[in-house]
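# Commentary on secondary and tertiary structure
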Amino acid sequence: MTDTNEYIAAIDQGTTSSRCLIFDRDGRVVSVAQQEHEQFFPKPGWVEHDAAEIWTNVQEVIAGALAEARIAKSQVKAIGITNQRETTMLWDKATGEPVHHAIVWQDTRTDALARELGRDAGMDRFRRETGLPLSSYFAGPKVRWLLDNVEGLKERAERGELLFGTMDSWVIWNLTGGTDGGVHVTDVTNASRTLLMDLRTQRWDERLCEAIGVPSSVLPEIRSSAEVYGHAKGGALEGVPVASALGDQQAALFGQTCFAVGEGKSTYGTGTFLLMNTGTEAINSYAGLITTMAYRIGDQPPVYALEGSIAITGALVQWMRDQLGVIKTAPEIEDLAKSVDDNGGAYFVPAFSGLFAPHWRADARGVLAGLTRYVTKGHIARAVLEATAWQTKEIVDAMKKDSGTELTTLKVDGGMTANDLLMQTISDVLDVPVVRPEVAETTSLGAAYAAGLAVGFWSDIEDLRANWRKDAEWSPDMDPAERDKEYKYWRKAVDRTMGWLDDED
Ligand SMILES: Nc1ncnc2c1ncn2[C@@H]1O[C@H](COP(=O)(O)OP(=O)(O)OP(=O)(O)O)[C@@H](O)[C@H]1O
Ligand SMILES: [Mg+2]
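The following refers to the structure shown. (Residues numbered from 1 in each chain as written. Chains lettered and ligands numbered in written order. Predicted model: local features only at pLDDT ≥ 70, side-chain atom pairs only at ≥ 80, totals over all residues. Heavy atoms only, no water.)

## Thoughts on the sheet that holds strand S15 (residues 264-268)
- As summarised here, the arrangement of the seven strands in space is S17-S18-S16-S15-S21-S22-S23, forming an open sheet in which the pairing is mixed. Lying at the two open borders of the sheet, with one neighbouring strand each, are strand S17 (290-295) and strand S23 (470-474). Ignoring which end each strand starts from, the neighbouring axes of this sheet average 30° apart.
- Those strands touched by helix H9 (residues 248-255) are S15, strand S16 (272-279), S17, strand S18 (303-310) and strand S21 (410-413), and its axis lies near 125° from that of S15.
- Together, S15, S21, strand S22 (434-437) and S23 form the strand contacts of helix H13 (residues 420-430), whose direction differs from that of S23 by roughly 60°. (Pairing = 2+ DSSP bridges. Helix = DSSP H or I, 4+ residues; strand = E, 2+ residues; numbered from the N terminus. Axes fitted to C-alpha atoms, helices over the stretch in contact; angles between N-to-C directions. Contact = heavy atoms within 4.5 Å.)

## Some remarks on helix H4 (residues 139-149)
- Of all eleven residues that make up H4, nine are buried, and the element is covered over most of its length.
- Of the residues making up H4, those classed as buried are Ala-139, Gly-140, Pro-141, Lys-142, Val-143, Arg-144, Trp-145, Leu-146 and Leu-147.
- Buried residues belonging to H4 abut strand S6 (89-92), strand S7 (102-103), helix H2 (111-117), helix H5 (153-158), strand S8 (162-165) and helix H8 (206-212). (Buried < 20%, exposed > 50% of the residue type's maximum accessible area, 1.4 Å probe, protein only.)

## As for helix H10 (residues 314-322)
- Along H10, the residues that are buried comprise Gly-314, Ala-315, Leu-316, Val-317 and Met-320.
- Buried-residue contacts for H10 involve helix H11 (332-338), strand S19 (347-349) and helix H12 (377-403).

## Overview of the pairing of S15
- Counting buried positions over the five residues of S15 gives four, a clear majority of the element.
- In the sheet, S15 pairs with S16 via five bridges, with the strands oriented antiparallel. Bridge pairing in S16 places Ser-266 opposite Leu-274.
- Connecting the antiparallel pair S15 and S16 is a turn made up of three residues.
- Sheet topology note: the S15/S21 ladder contains three bridges and is parallel. Bridge assignment links Lys-265 to a residue of S21, and that residue is Lys-411.

## Describing the environment of Pro-476
- Residue placement: Pro-476 occurs in the loop between S23 and helix H16 (480-495).
- Taking the C-alpha atoms as reference points, Pro-476 and Met-423, 53 residues apart in sequence, are found 9.9 Å from one another.

## Describing the sheet that holds strand S5 (residues 76-83)
- The strand order across the open sheet built from six strands is S3-S2-S1-S5-S14-S13, with neighbouring strands paired in mixed fashion. Each having just a single partner strand, strand S3 (29-36) and strand S13 (226-231) make up the two edges of the open sheet. If you compare each strand with its neighbour and ignore which way they point, the axes differ by 25° on average.
- Where S13 and strand S14 (residues 241-247) come together, three bridges link them in antiparallel fashion. Bridge pairing in S14 links Gly-230 to Val-242.
- Sheet strands in contact with helix H1 (residues 51-69) are strand S1 (7-13), strand S2 (17-23), S3 and S5, and its direction is about 150° off that of S3.
- Its contacts with the sheet put helix H14 (residues 442-454) on S1, S2, S5, S13 and S14, and the angle it makes with S14 is roughly 135°.

## Quick word on the packing of aromatic side chains
- In total, this model carries 21 aromatic pairs according to the counting rule given.
- Residues Tyr-137 and Trp-360 carry aromatic rings whose centres are separated by 6.2 Å and whose planes lie at 25° to one another, so their mutual orientation is stacked. Placement of the pair is Tyr-137 in the loop between helix H3 (127-130) and H4 and Trp-360 in the loop between S19 and strand S20 (367-369), with a sequence separation of 223 residues.
- Classification of Tyr-137 as buried rests on a relative accessible area of 0%.
- Using a relative accessible area of 8% as the deciding quantity, one classes Trp-360 as buried.
- The structure contains a cluster of three or more aromatic residues connected by ring pairs, namely Trp-105, Tyr-137, Phe-138, Phe-273, Phe-356 and Trp-360.
- Of note, Arg-109 hangs over the ring of Trp-145, and the distance from its end group to the ring centre comes to 4.6 Å. (Phe/Tyr/Trp six-rings, centres within 6.5 Å; stacked < 30°, edge-to-face > 60°. Lys NZ or Arg CZ within 6 Å of the ring centre and 35° of its normal.)

## Things to note about the site of ligand 1
- By nearness alone, 18 residues border ligand 1, and Thr-15, Thr-16, Arg-19, Thr-270 and Gly-415 come closest of all.
- One of the side-chain N or O atoms of Thr-16 is found 2.5 Å from an oxygen atom in ligand 1.
- Bound to the protein, ligand 1 loses 87% of the 640 Å² it would expose on its own.
- Going through the elements one at a time, S2 and H10 are the ones with two or more residues in the shell around ligand 1. (Near = heavy atom within 4 Å. Polar contact = N/O pair within 3.5 Å; in protein donor to acceptor, adjacent residues only side chain to side chain. Areas by Shrake-Rupley, 256 points an atom, 1.4 Å probe, with all protein chains shown as cover.)

Here's what the structure looks like:
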């Protein structure tokens, strides 16, 4: 028997904050430490992070979570990493300094580049190899943008002085020693978001790298999602194996124990991401979803997923709070929405970064439609929450088309699932029950699970399944005619977002 006072640490390097959570063998949260980092919006559509600030925060939250749990590093058997996906950075190998702010996944500066790359063949030019449409969303073109636009970077990359990474690579490199022998790796899930990796071989594809303009000298080594990459060097967890990396949405799929074909989840955070496990087969999407790596455990065969990605859901609530000042905290959106009975005819399509799945329209921008003098901020709060529900329905409908399977329940997680009215609205518009597990921090849990599997802390996925416990459930309660009418208006509002930007913009 192993000691019951043993734990796994998960680092969740997210879009708005970095967290460290300590989990016990039952998958329960023992402690949490969290720190937000600054969001930079230098131009309309641009979003940046300071990766040096993020690394400082990661070190602090690790120390904070250990202190709160009152455990010693010797009780931590492995560290798992999960991260905001696609957010792209380059750093100097010799100094460990980022050479520029990281370009965040929501950033639209590579729209024109993506269009140019699709010039003759269209946005699906690389879909067969990568599972992805050409879009500003993915990492590869962001690297190219940095090399083209930041003075001297191209030459430094050619001289082999720079390293590229998404946040998983940055955190692992620093954790394992940085300039003092840090390992430069990424996992299959993060690599599958670059437009540079072949989905079937899980290797960088030279033709893709050349077409997109990313020199292979900057690329990390692609590894499994669950294996020991190295050991922490220095810091509060010195000597502990670093044993997993998963993009946040794949980590949530793992944390929700969606290990069987057809099992899926939807995570409601900054954006919303619905992933469904499709097993060892990569299924091409014809309905506007993407094909992505779900996870790879050690040297087992890789597992794939279909994904519906929505850029803006919780971010719209943040926008109401930070940019408009209509609410002071995110949960207040629910009180405001409950101050009225319906949306008063208002529909809000938050196409702030264009529209992702299933539309993939870079030329779309946000609209607030159906306004009359009757509309109050309460109605707009309703429209804000309904936007998340209708965007989910668009994805669920696409999933049905691509996979041929009907959704029977929706497993949910993420910060927005604290919103009872929203969860009820999602159940109403999908017409299926919505269930939330006890551990809503499934992203961190998934990273912990993968790391724990890699070091034998848990023996197999059945161990993990046994840890899934239901916390809350919402059942549909909406008149079908009403649902159809509302969906029709939602779609009209979506139509009005399209074509807002012209080519020359
Ligand atoms: N009660 C609530 N009602 C509506 N939205 C909420 C509520 N509480 C939090 N949110 C929204 O949820 C988001 C935070 O959730 P979460 O921490 O899961 O996000 P995330 O995308 O995982 O962020 P990160 O990438 O930093 O991890 C924020 O956008 C916030 O506006
Ligand atoms: Mg998150």
